[in-house]
Amino acid sequence: MSITLLESFFYFLINKGLNMDATLITTICSVFIATCALIVSLQQTRLAREHNKLSVKPLISDVMDRGFSEKEFTYEIKNNGLGSAVIKSFQFIWDEEEITSSKLFEKIQQSLSANDEFELGQFGENSTLAKDEVKKLVYIRVRQDVSSDNASERYTAIHDDLLVNLRVNINYQSMYGDNLFFETNISTIQDELKLLTQDGN
């Protein structure tokens, strides 16, 4: 309640209230005080709700990990927020076009040998990702197949292909129903490519 409104109210009572009886003035004051209390209560409720929303807001981010000595590549999604994320939709993007998980599996599988390890994860609609929970989306480990097989070259080709072409889009909600969006962090890709350049030197 602003000072101007309070001043106006008391000015009205002082200048106009002389012609009113005490009961009417008391009633007006009671209504005014109750209105002020209601406004303050509503503001406190709104602030409390906003605080509660922030206290359970999820924040999805991605993590890439590689190991050239072991020829491993892992791409994971983690909830770094304060509350669970409710997944509303999940998309794999390959070369800027949506691709199904089965098609992506086939595409990557073509570059792997029988001894290589490959896992592909995804989210179902309305699945949840709890606070600090990690979901592995891609895991690849390239192994030496035969003596003539150059596992390092195969791993580098697969790794580079994933970095250049693979992206993930996720629409998700907080427990309060606030809509949020995640897409693969381009800066993470750029950092990974810089490390590749350094390793190449």
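In short, a report on the structure. (Residues numbered from 1 in each chain as written. Predicted model: local features only at pLDDT ≥ 70, side-chain atom pairs only at ≥ 80, totals over all residues. Heavy atoms only, no water.)

1. Some points on the nonpolar core
For step 1, the next point in the chain: Ranked by size, the top nonpolar core spans 32 residues in total, and within it I60, Y75, I77, V138, I140, L162 and I170 carry the most contacts.
For step 2, the next point in the chain: Of all the secondary structure elements, the ones that give two or more residues to this core are strand 1 (60–67), strand 2 (72–79), strand 3 (85–94), helix 3 (101–109), strand 7 (134–141), helix 4 (151–165), strand 8 (166–173) and strand 9 (179–183).
For step 3, the next point in the chain: Filtering out sequence-adjacent residues up to four positions away, Y75 remains in contact with D62, V63, M64, K135, K136, L137, V138, V168, F182 and T184. (Core = buried A, V, L, I, M, F, W, Y, C linked by side-chain atoms within 4.5 Å. Buried < 20%, exposed > 50% of the residue type's maximum accessible area, 1.4 Å probe, protein only. Helix = DSSP H or I, 4+ residues; strand = E, 2+ residues; numbered from the N terminus. Contact = heavy atoms within 4.5 Å.)

2. A closer look at unusual backbone geometry
For step 1, the next point in the chain: You will see that E96, though not glycine, has its phi angle at about 70 degrees, which is positive.
For step 2, the next point in the chain: Tracing the backbone through its elements, the reader meets E96 in the loop between strand 3 and strand 4 (97–99).
For step 3, the next point in the chain: The backbone of D132 shows a phi angle near 70 degrees, a positive value even though the residue is not glycine.
For step 4, the next point in the chain: Topologically, D132 is positioned in the loop between strand 6 (128–129) and strand 7.

3. Some thoughts on helix 4
For step 1, the next point in the chain: An ideal rise of 1.5 Å per residue puts 21 Å on 15 residues; helix 4 measures up with 21 Å between its terminal C-alpha atoms.
For step 2, the next point in the chain: When helix 4 is considered as a whole, its buried residues turn out to be A151, R154, Y155, I158, H159, L162, L163 and N165. (Expected span 1.5 Å × (residues − 1).)

4. Examining the packing of aromatic side chains
For step 1, the next point in the chain: This structure, assessed with the given rule, holds 3 aromatic pairs.
For step 2, the next point in the chain: With a centroid separation of 4.8 Å and 25 degrees between ring planes, the pair formed by F105 and F118 is classed as stacked. Of this pair, F105 sits in helix 3 while F118 sits in strand 5 (residues 117–120), and the two are 13 residues apart along the sequence.
For step 3, the next point in the chain: Clustering of aromatic rings is evident, with ring pairs tying together F90, F92 and F123.
For step 4, the next point in the chain: Cation over ring: K135 sits above F123, and NZ or CZ is 5.7 Å from the ring centre. (Phe/Tyr/Trp six-rings, centres within 6.5 Å; stacked < 30°, edge-to-face > 60°. Lys NZ or Arg CZ within 6 Å of the ring centre and 35° of its normal.)

5. Thoughts on the side chain of K71
For step 1, the next point in the chain: Along the chain, the position of K71 falls in the loop between strand 1 and strand 2.
For step 2, the next point in the chain: When neighbours within four sequence positions are excluded, K71 is seen to be in contact with I140, R141, V142, A151, S152 and Y155.

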